[in-house]
Amino acid sequence: IMLKEFDEKFVDIYTYSNGEIKVDMQYAKAKIPSSIQTAYVRETVAKKLIEAKKMLPKGFTFEIFDAWRPYEVQLGLFNNYRKEIIKNTAVVMTEEELNKKVCEFVSFPDKSKQVSYVHSTGGAVDITILDSNGNKLNMGTEFDDFSEKSYTAWYEQNESDELIRNNRRLLHNILCECGSTNYP
């Protein structure tokens, strides 16, 4: 597809990679309104992911949980997480403080090209690694874990689980070596 606001072609990463990069779109699976089942990314992102896959141990691959997402999905995620924080926080916050807290894990759903949420560009993916048997490597958290353990450096600084730390290092290092940027 070609989204009119972008100059670069978007591709379905599963098809583009000839099925080598797996897709398990979590928001569609959870039946989030307006979510989609196809992992669309910019073509340059697809090329980088295919390059990165070649660097994984033999038989391993990537699995994409989320890629480009419609504005309505982002708005829903933002509002739902905002409600959850209000419900579970005893501290009264200003609107600015509350939105800052939400934005720690969920980008503000802005339609502006200058400050748009990261998944609006087709340049962001939520990703993990599958081993040669199709099992997800243990990264220490589940998809959309909104806790400090989801921070990239958490297992470097706070936990002694060497397996999780090494799995995270593998994912981080390979993707960065191919020119990707990590969202810490």
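Our subject is the structure listed above.
This is a predicted model, so every value here is computed, not measured.

Draft legend 1. Quick look at the overall build of the protein chain. Per the secondary structure count, the protein chain includes 7 helices and 5 strands. Secondary structure elements of the protein chain occur, N-terminal to C-terminal, as β-α-β-α-β-α-β-α-α-β-α-α. Expected size for 184 residues packed as a compact globule is a radius of gyration near 16 Å; at 17 Å, the protein chain falls within 12% of this value. Taking the principal axes of its C-alpha atoms as reference, the protein chain extends roughly 50 × 45 × 30 Å.

Draft legend 2. Examining the pairing of strand β4 (residues 61–66) more closely. The buried fraction of β4 is high, at 6 of 6 residues. Two strands pair when backbone bridges link them, and strand β2 (residues 22–23) and β4 are joined in this way by 2 bridges, in the parallel orientation. Along β4, the bridge assignment pairs Val23 with Ile64. For β4 and strand β5 (residues 126–130), the ladder comprises 5 bridges, and the chain directions are antiparallel. Residue pairing in the sheet places Ile64 in a bridge with Ile127 of β5.

Draft legend 3. Quick look at the pattern of salt bridges. The final tally for this structure, using the stated rule, is 9 salt bridges. Across the pair Arg69 and Asp66 runs a salt bridge, and its minimum N-O distance is 2.3 Å. Pair check on accessibility: Arg69 and Asp66 agree, each one buried. Across the salt bridge formed by Arg82 and Glu95, the nearest N and O atoms sit 2.2 Å from each other. On the criterion of sequence distance, the pair formed by Arg82 in helix α4 (residues 71–88) and Glu95 in helix α5 (residues 95–102) is long-range, its members being 13 residues apart. Assessed through its relative accessible area of 51%, Glu95 is described here as exposed. Linked by salt bridges that have partners in common, Asp66, Arg69 and Asp126 make up one network.

Draft legend 4. Main features of helix α7 (residues 162–177). In this model, α7 (16 residues) spans 22 Å end to end at C-alpha, consistent with the 22 Å of a helix rising 1.5 Å per residue. Of all the positions in α7, only Ile164, Arg165, Asn167, Arg168, Leu171, Ile174 and Leu175 are classed as buried. Elements in contact with the buried residues of α7: α3 (43–53), β4, β5 and α6 (154–157). Here α7 starts with a cap whose side-chain oxygen sits 3.1 Å from the backbone nitrogen of Leu163, and that cap is Asp161. Gly179 sits one or two residues past α7 and shows a positive phi near 100 degrees.

How each quantity is defined
- Residues numbered from 1 in each chain as written.
- Predicted model: local features only at pLDDT ≥ 70, side-chain atom pairs only at ≥ 80, totals over all residues.
- Heavy atoms only, no water.
- Helix = DSSP H or I, 4+ residues; strand = E, 2+ residues; numbered from the N terminus.
- Rg over C-alpha atoms; globule rule 2.2 N^0.38 Å.
- Buried < 20%, exposed > 50% of the residue type's maximum accessible area, 1.4 Å probe, protein only.
- Pairing = 2+ DSSP bridges.
- Salt bridge = Lys/Arg side-chain N within 4 Å of Asp/Glu carboxyl O.
- Expected span 1.5 Å × (residues − 1).
- Contact = heavy atoms within 4.5 Å.
- Polar contact = N/O pair within 3.5 Å; in protein donor to acceptor, adjacent residues only side chain to side chain.

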